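# Architecture at a glance
Take a look at the letters that make up each chain.
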Amino acid sequence: KNAQVWVSDPWYDAAEAEISNLIYRPIPKLNYEKELLGSKQLVLRRGNLLGKIDTFRDFRMSFEITVAGVTKGTWTSIVHMTTGHNIGKKSSRIPGFWLWPGSSRLHFRTSTFGNHNDGCDPAVPLTLGAKHFIEVNTVSQDAETIFEVKVDGKHGCYARSSSSSQDAVAGVQVWAADPWYPAAKATIGNLQYGPATAKFKKMPTLNYGRDMLDGKAMLVGKGTLLGKIETKTEYTLSFDVTPHSTHPMWNGIIKFMSSKGDHKAYGRNPGIWFFPGSTRLHLRSGTDKNWNEGCDPTDMLTLNKKYSISFTVLQGSTDAYFITKINGKQKCFHKSPGAKLLAGKPGMSVYASSSDYDAAIATIEKLVYTAPPMLASGSDLLGGKTMTLEKGTLLGRIKTFEAYKLSFEITPTGVQEHWSSIVHMTKNDNAAKAGDRIPAIWFYPGSTRLHLRTATSVGGANDGCDPSINLQLNKKVKVEMIVSPGASISVKIQGKEVCYKRLPVHALHPAEKSVMVYAADPWYAPAKAEISKLVYSRVKQVDGAKPLVVGKDFLQGKVTKPAQGAELGHFTSLNEYVVSFDVNPSGVINGAWSSLFNIAELGRKDGQPLSRIPGVWFYPSSTRLHWRTSLDTDYNAGCDPSDVLSAGRNYSVKLVTMQGRTPRMMAFLDGDMKCIVESARGNLATASKAAHVYAGHPNYQGANAEISRLTYNPLPALQADNNLLGPKAGEVRLKKGNFLGVISTSTSYKLSFELTLFGRVSSWGSVLHFSADSNIASEHDRIPGIWTFPGDTRLHFRSATSGNYNDGCDPTMKLELNKKYRIQVSADALSNTLSVKINHKQVCSSKASGLLAKGHSKVFVWAADPWYEPANGQIAQVYYRKF
């Protein structure tokens, strides 16, 4: 009271100035129940104190604002309520509004007990020259504070602070604008302050698989805490984002973090940002080796365009994986070798975005956090949907079985230049270890041919069985891959088996508790196809080794991929046999012998007698055939064609062993004799009652080929008075080494046949040859034999006698080319003569130089023989008659 008023004071010289209108009044006491500007529009001025007001702990402030321009390089003040300080002191901002430097973006701050500069900032700048209505509500409860700023009634920003608002304070200064910053270039009106109108909402516990934004679109705001969640080791976080502008610094979108903060374990689990000055995404999630692991696409998102984002984090058996997709397309795939993902953690805070980085200027929606589902065997893994294959699409996890069936429907719509993925089930990687393909299915490059792989003990991570057919474009087919105990791999298309491979009994990969299921995988381009009805189920029926039947297909009509130690079954072998099979090579095994099949007596080790009866291989780095059979003097006898087989072509192979005085072994390709070996000594191996058949040899890896129609037969037994070519045979072209079978002969006989010659050969040309052993070593080697003369069409008939193994009778008649003749040669013991008839007319007869050779119980019949070139012609109706 009674304060003195001087103009000017007595202590200093007076200023050289004039003053007038000197008024002194108290600072106004503002009433929250009234509009603080008295219904006026106020052009903001720096240091403009409106008055004092009593505050509330939980409050609401609102005002209208029209921004006329921006100020570069500095924050600019709008409204600031304070006990007297700018920042850093208790109640220094309760609250305050500013504009960002060089921008019309709002900056809202208020004091809490834990942070004197808490708050949140709407991401989208205010429109210059337009009137906007701004409203903020701040409410606290249980050491938490919620801030929400609305712009024109719509969500602007939201934040949840982990400390409570400061208590109500009496006599707080209200500035518009404050004295510490330049005033914003703006006009405000309808400024109101009072108790909060919003209700406090407890920290929500967020749920897996549900939209954390409750169907709303939200502008990202710094420090906006959405709630708490218990994270999982593996997860997918998906959301839509629309970037509105770039930010010069790293700017946050979403962050899951613990209370320990950023730059530590669980500080980014995950965290998602935009790069500085860019709309390129930066996606991070921690591992035990690196808290900042992740996978960043190179794409720049277009401003004001909505994108669907997914970030998937997976734990393989040894490595961690990170996959980022934009609009369903895989844009980034990263493997962290040897890394372990952080275990799931309860109470993780979910921010959009966190307070440790500026918020991205973007809108997000459809924010969903899910863990990979555990899929059920025996049910449709696609949930009844038809799915277009996309790279890196994780369906979930599944428990596998040692023996299983994977079936699906597929409609190919095109081809890819490289291998293209359909379905891939893996413990960890693409193909680094067993368990990485159990199974996995692709299309071949530039094709719709299926490539089906599964792990086995003999084929490693990449065993399998590939059909040779291409699927038709735009046609739906059902595919089944069946891995049976016992063991085998079978592939069916539309119910028809198109590929089959035997495996050793214990070759299957053991069951796994949990593997990842992709459709398509992240390592290859997706197949251009749609799939549906994807079912994985257990197989119990054993496809084991069975008793085999001589003369029947050991492969039971299946096309089979050889695999090391794949047993087909067992039977009683013969010492003489004809083995025939088809083979279609698909490649070579570099540097190693590779097995097609092997027959061995049970318990015999390779290299012992009866260990190859027979066995067939490809040479190392080649498709040349190598076939071996056991003798009593040599377990590794045989003969090898010189031909190198072409990949992708089917060949018919026949292997013949016969025992004369010594063993003989022959190999044929597509009916043509390719090699013959006559051993100088020894005998063919004896028959075995315990011969086991393997497709392929237990000691060698399987050949890159398919085999089929594998039959094992005795030498054909021919009967006198029957057509030796077979009851239904027509004309048969003469071929070198064409073995017809074994017959019992007599001293006197008649051999008749039809013969048509098409040309001459420069050497003796073989037509028919009956021989107990070889060409001309004994009296039973030509009983009889018929040739054409070198360079001629005259017949040369030989029949052995005691005086001459090469006795006979040669007609002088020359046969016309391309004309069919009925030929008969005969030996008559009563008259001891040899004779020839052509078309029922005798053209040659001669007395034998000795006694006719006696009949023999086992004579080999050839048309033509293996020692001469065949005559250029064909035969039919071949009959041998005893008399």
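To keep things clear, this report deals only with the structure shown in the data block. (Residues numbered from 1 in each chain as written. Predicted model: local features only at pLDDT ≥ 70, side-chain atom pairs only at ≥ 80, totals over all residues. Heavy atoms only, no water.)

To continue, consider the pairing of strand β21 (residues 320-326). Burial analysis of β21 places seven of its seven residues in the buried class, which makes it a mostly covered element. As judged from the seven bridges shared by strand β20 (residues 307-315) and β21, these two strands associate in the antiparallel manner. Directly across from Phe311, in β21, lies its bridge partner Thr324. Turn length for the β20-β21 hairpin, with the two strands adjacent in sequence and antiparallel, is four residues. As paired elements, β21 and strand β22 (residues 329-336) share seven bridges and run antiparallel to each other. Considered in β22, the bridge of Thr324 is made with Cys332. Hairpin connection, β21 to β22: the antiparallel pair is bridged by two residues, and Asn327 has positive phi, about 50 degrees. (Buried < 20%, exposed > 50% of the residue type's maximum accessible area, 1.4 Å probe, protein only. Helix = DSSP H or I, 4+ residues; strand = E, 2+ residues; numbered from the N terminus. Pairing = 2+ DSSP bridges.)

Strands pair in a sheet through their backbones, by hydrogen bonds, and they do so in one of two ways: parallel or antiparallel. Overall, antiparallel pairing links the six strands, which are arranged β51-β63-β53-β58-β59-β60 in an open sheet. Strands with a single pairing partner mark the edges of an open sheet, and in this sheet they are β51 (732-733) and β60 (841-847).

Bringing the pairing of strand β50 (residues 705-713) into the picture now. Summarising burial for β50: seven of the nine residues are buried, a large majority. Bridging between strand β41 (residues 577-585) and β50 involves seven bridges; their strand directions are antiparallel. From the neighbouring strand, Val578 faces β50, where its bridge partner is Asn713.

Let us look at the nonpolar core. Counting residues in hydrophobic clusters, the biggest one holds 49 residues, and the most contacted among them are Ile410, Ile422, Leu450 and Ile531. With five residues, the single largest contributor to this core is strand β33 (residues 477-484). When near neighbours in sequence (up to four residues on either side) are disregarded, Ile410 contacts Ile422, Phe443, Leu471, Lys475, Lys476, Val477, Val479, Ala529, Glu530 and Ile531. Grouped together as the second largest cluster of nonpolar side chains are 41 residues, Ile253, Cys295, Leu342 and Ile364 included. (Core = buried A, V, L, I, M, F, W, Y, C linked by side-chain atoms within 4.5 Å. Contact = heavy atoms within 4.5 Å.)

Turning to the environment of His451, a few remarks are in order. Inspection of the secondary structure puts His451 in strand β31 (residues 450-456). By relative accessible area, His451 is classed as buried at 11%. Each C-alpha atom of the pair His451 and Pro614 lies 31 Å from the other, and the pair is 163 residues apart in sequence. Apart from residues lying up to four places away in sequence, His451 is in contact with Trp419, Ala440, Ile441, Trp442, Tyr444 and Asp466. Side chain to side chain, His451 and Asp466 meet in a polar contact 2.6 Å long. (Polar contact = N/O pair within 3.5 Å; in protein donor to acceptor, adjacent residues only side chain to side chain.)

This paragraph deals with the packing of aromatic side chains. Taken as a whole and judged by the stated rule, the model has 39 aromatic pairs. Taken together, a centroid distance of 4.8 Å and an interplanar angle of 45 degrees make the contact between Trp250 and Phe275 tilted. Here Trp250, found in the loop between β15 (235-243) and β16 (251-257), pairs with Phe275, found in the loop between β17 (271-274) and β18 (281-285); they are 25 residues apart in sequence, far enough to count as distant. With a centroid separation of 5.6 Å and 75 degrees between ring planes, the pair formed by Phe333 and Trp523 is classed as edge-to-face. A residue pair is termed long-range when its members are at least 10 positions apart, and Phe333 in strand β22 and Trp523 in the loop between β36 (515-518) and β37 (525-526) qualify at 190 residues. Given the relative accessible area of 25%, Phe333 is considered partly exposed. Through a chain of ring-to-ring contacts, three or more aromatic side chains come together here, namely Tyr208, Tyr235, Phe256, Phe311, Phe322 and Tyr369. (Phe/Tyr/Trp six-rings, centres within 6.5 Å; stacked < 30°, edge-to-face > 60°.)

Together, Trp6, Trp11 and Tyr12 make up an exposed nonpolar region whose accessible area comes to about 470 Å². Relative to the helices and strands, Trp11 is located in the segment before β1 (41-43). With a relative accessible area of 62%, Trp11 lands in the exposed category. (Patch = residues over 30% accessible without salt bridge, like charges linked within 9 Å, V, L, I, M, F, W, Y side chains within 5 Å. Areas by Shrake-Rupley, 256 points an atom, 1.4 Å probe, with all protein chains shown as cover. Salt bridge = Lys/Arg side-chain N within 4 Å of Asp/Glu carboxyl O.)

Before going further, it helps to examine the state of the cysteines. As enumerated under the stated definition, the model contains five disulfides in all. Sulfur-sulfur distance for the disulfide between Cys120 and Cys157 comes to 2.1 Å. Classification of the bridge connecting Cys120 and Cys157 rests on its S-S torsion, roughly 70 degrees, and on that basis the disulfide is right-handed. One end of the pair, Cys120, is in strand β7 (residues 118-120); the other, Cys157, is in strand β10 (residues 154-161), and 37 residues separate them in sequence. For Cys120, a relative accessible area of 0% corresponds to the buried category. (Disulfide = S-S within 2.5 Å.)

Considering all chains together, one arrives at 39 salt bridges under this definition. Two residues, Arg284 and Asp296, come together in a salt bridge whose shortest N-O distance is 2.9 Å. On the criterion of sequence distance, the pair formed by Arg284 in strand β18 and Asp296 in the loop between β19 (293-294) and β20 is long-range, its members being 12 residues apart. You can call Arg284 buried: its relative accessible area is 11%. What makes Asp296 buried here is its relative accessible area of 16%. Notably, a salt bridge pairs Arg628 with Asp640, separated by 2.7 Å at the nearest N-O pair. A residue pair is termed long-range when its members are at least 10 positions apart, and Arg628 in strand β44 (residues 625-629) and Asp640 in the loop between β45 (637-638) and β46 (651-659) qualify at 12 residues. Residue classification places Asp640 among the buried residues on the basis of a relative accessible area of 15%. Ionic contacts of the salt-bridge type, sharing partners, join the residues Asp319, Lys335 and Asp429 into one network.

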